[in-house]
Amino acid sequence: MEKGNTEKKRLWIYLAVAYGITFLMGLLMWYGNARGADVGAFPNAQMMYPAAGVMLGLLLTKKGDKTLPKGLYILFLLLTAVMIGVSVISVFAPKSITVNGITISVWEQIINNVIIIGGILFWIFLLIAGKEKRKAYGLNWDNWEKSWWCILLFVLLFFGRTALSCAVSGQLGLLEIILTTPSTWIMIAVLFVNFFLSVPAFFGEEYGWRYYLQPLLQKKFGLKGGVIVLGVVWGLWHLPVDFFYYTTPDQGFLAVIGQQITCITLGIFFAYAYMKTKNIWVPVVLHFLNNNLAAILSGGGADALQNQTYTWSDLFMALVVNALFFGIFIFAGCFRKKDMVKEEEKKDL
């Protein structure tokens, strides 16, 4: 009973941070968007909340656990707090300055610097935590061969999905131009470095979704059902950025539908990769590649993710190609295993 109460306490802490802070900040994001402020810092901060919720819950309920990587967790929580602070200030401060006739986005530069410094410190604290602590809390890189195979498979599927989407929409020529432009391959080549510098944000989501919430939902709803539910709640978590960053408020509803399609189908493949490898770094890498390759292949860089437009035909095509390339993994063998979870374990939720 005590264990069940502790698990419930962690879950409530997780929800309060991952969803409570997200939607409170979403109100501020709405206000900033309405007054024309730069809200570009908010999505980066939001990516930190799921892992912060997990870490805060563990720090508060496992104070005597010597295998808990407290230093790493405290660093992550402090980094999250700084990014929240930057986001709040960005709403009320000038969004750009002009130096020698050149307009510079102040908050874009600040948040990038925070992430880079945080990324460097994150790796240092992860390494000094030691193997025992990393293993105890799912931070080791395990199952090397399966892990690299899953990453390679994702890259192949991603490019296949992109090629099919472009073929159907008559944009294969544009994709060819992008892929034959040297700058495209330069950006792809530096992804390795970018990953190590920006890792806290992508780790921030996946440690919350795949490491913590996925097993809980699979215990409650089964191996397949849990992943579908996770995709839905992951998609709904994006509501503030769907309305005020990825698109404009008038396109928000379509963005929410598109987000559900993306989160459910990609979530299935991310879950598949995590179940096959038991390595949280695999979905972290996949999440990073998905976001960054999408920006690169759009030809617009990171800015292409902001103020997008949607149509119902776009959403239908997204549903078809994402289901075909990623959603189909719901029929993989790892999802067909008999659910051995006991009723008592379900009640712990």
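Everything below is about the structure shown above.
Read on for a plain summary of the structure. (Residues numbered from 1 in each chain as written. Predicted model: local features only at pLDDT ≥ 70, side-chain atom pairs only at ≥ 80, totals over all residues. Heavy atoms only, no water.)

For the protein, the helix and strand inventory stands at 16 helices and two strands. Over its C-alpha atoms the protein spans a radius of gyration of 20 Å, differing by no more than 12% from the 20 Å that the globule rule assigns to 349 residues. C-alpha atoms of the protein, sized along the principal axes, occupy 60 × 45 × 35 Å. Put simply, the protein has 349 residues, and 48% of those count as buried. Contacts in the protein between residues far apart in sequence, at least 24 positions, make up 81% of those at least 6 positions apart. With 28 positive and 20 negative side-chain charges, the protein shows a spacing of 9 Å between the two charge centroids. (Helix = DSSP H or I, 4+ residues; strand = E, 2+ residues; numbered from the N terminus. Rg over C-alpha atoms; globule rule 2.2 N^0.38 Å. Buried < 20%, exposed > 50% of the residue type's maximum accessible area, 1.4 Å probe, protein only. Contact = heavy atoms within 4.5 Å. Lys, Arg positive; Asp, Glu negative; His and termini not counted. Charge placed at Lys NZ, Arg CZ, Asp CG, Glu CD.)

In this section: the pattern of salt bridges. What the rule picks out here adds up to two salt bridges. The shortest N-O distance in the salt bridge between R10 and E7 comes to 2.6 Å. In this pair, R10 and E7 are both assigned in helix α1 (residues 2–34), three residues apart and thus about one turn of the helix distant. Owing to a relative accessible area of 9%, R10 belongs among the buried residues under this scheme. The class of E7 is partly exposed, set by a relative accessible area of 23%. For E206, the salt bridge goes to R210, with nearest N and O atoms at 2.7 Å. Here R210 and E206 lie together in helix α10 (residues 191–221), a separation of four residues that amounts to about one turn. (Salt bridge = Lys/Arg side-chain N within 4 Å of Asp/Glu carboxyl O.)

What follows concerns the nonpolar core. Ranked by size, the top nonpolar core spans 101 residues in total, and within it F154, F203, Y207, F269 and F335 carry the most contacts. Considering every element that reaches this core, the biggest residue donor is helix α13 (residues 252–277), with 13 residues. Those residues in contact with F269 that lie beyond four places of it in its chain are C150, L153, F154, L157, L286, F326 and F329. (Core = buried A, V, L, I, M, F, W, Y, C linked by side-chain atoms within 4.5 Å.)

A separate point is the packing of helix α4 (residues 70–92) against helix α5 (residues 106–129). Between α4 and α5, the least distance of the axes is 10 Å, while the angle of their chain directions is 175°. By the angle class used here, α4 and α5 are roughly antiparallel. Between α4, through G71, L72, L75, F76, L79, V82, M83, V86, I89 and S90, and α5, the contact on the second element is made entirely by W107, I110, I111, V114, I115, G118, L121, F122, F125 and L126. A class-by-class count of the residues in the contact of α4 with α5 yields 17 nonpolar, three polar and no charged. (Axes fitted to C-alpha atoms, helices over the stretch in contact; angles between N-to-C directions. Parallel < 35°, antiparallel > 145°, perpendicular 65-115°, else oblique. Nonpolar A, V, L, I, M, F, W, Y, C, P; charged D, E, K, R; others polar.)

As a further point, take α5. Its 24 residues place the ends of α5 34 Å apart at the C-alpha level, agreeing with the 34 Å of an ideal helix rising 1.5 Å per residue. Among the residues making up α5, those that are buried are V106, W107, I111, V114, I115, G118, G119, F122, L126 and A129. (Expected span 1.5 Å × (residues − 1).)

Turning next to the side chain of S198. By the secondary structure assignment, S198 is in helix α10. Of note is the side chain of S198, whose polar atom sits 2.7 Å from the backbone oxygen of N194. Filtering out sequence-adjacent residues up to four positions away, S198 remains in contact with I115 and F288. (Polar contact = N/O pair within 3.5 Å; in protein donor to acceptor, adjacent residues only side chain to side chain.)

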